[in-house]
Amino acid sequence: MSPAPATSHADTDAETGADTGTGLPELAPRERETLRHIAAGRTYLQTARHMGLSKHTVDAYLRRIRAKLGIHSTAELTRTAIALGL
């Protein structure tokens, strides 16, 4: 009885940043920021300039995010970020 609401509740908590079991809490603050920029449609270079980083650092952050969340494409990365409310 309570396991089903907990699963539904986990999706709702993604908006607040609470631990939802989706892997989001494992992301470092700069990784979250990078994910937000990419989900907003910015390129790696635009994201790097906005964050004061090199595009290689942005690429490294995104590779780590993909590994942590088990995501393989940029489209999937963007969809996940939007679903998580980033």
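Structure first, text after, so check above.
What comes next concerns the included structure.

1. Considerations on the overall build of the protein
Piece 1. Looking only at helices and strands, the protein features five helices and zero strands.
Piece 2. Mapped in sequence order, the helices and strands of the protein form the string α-α-α-α-α.
Piece 3. Counting all 86 residues of the protein, 31% fall into the buried class.
Piece 4. When contacts within the protein are restricted to residue pairs at least 6 apart in sequence, long-range pairs at least 24 apart make up 45% of them.
Piece 5. Accessible surface computed for the protein: about 5300 Å², of which carbon and sulfur atoms make up 55%.

2. Digging into the nonpolar core
Piece 1. Within the largest apolar cluster, twelve residues are counted, these being Leu 27, Leu 35, Ile 38, Ala 39, Ala 48, Val 58, Leu 62, Ile 65, Leu 69, Ile 71, Leu 77 and Ala 81.
Piece 2. The set of elements that each furnish at least two residues to this core consists of helix H2 (29-39), helix H4 (55-69) and helix H5 (74-83).

Procedures and definitions
Residues numbered from 1 in each chain as written. Predicted model: local features only at pLDDT ≥ 70, side-chain atom pairs only at ≥ 80, totals over all residues. Heavy atoms only, no water. Helix = DSSP H or I, 4+ residues; strand = E, 2+ residues; numbered from the N terminus. Buried < 20%, exposed > 50% of the residue type's maximum accessible area, 1.4 Å probe, protein only. Contact = heavy atoms within 4.5 Å. Areas by Shrake-Rupley, 256 points an atom, 1.4 Å probe, with all protein chains shown as cover. Core = buried A, V, L, I, M, F, W, Y, C linked by side-chain atoms within 4.5 Å.

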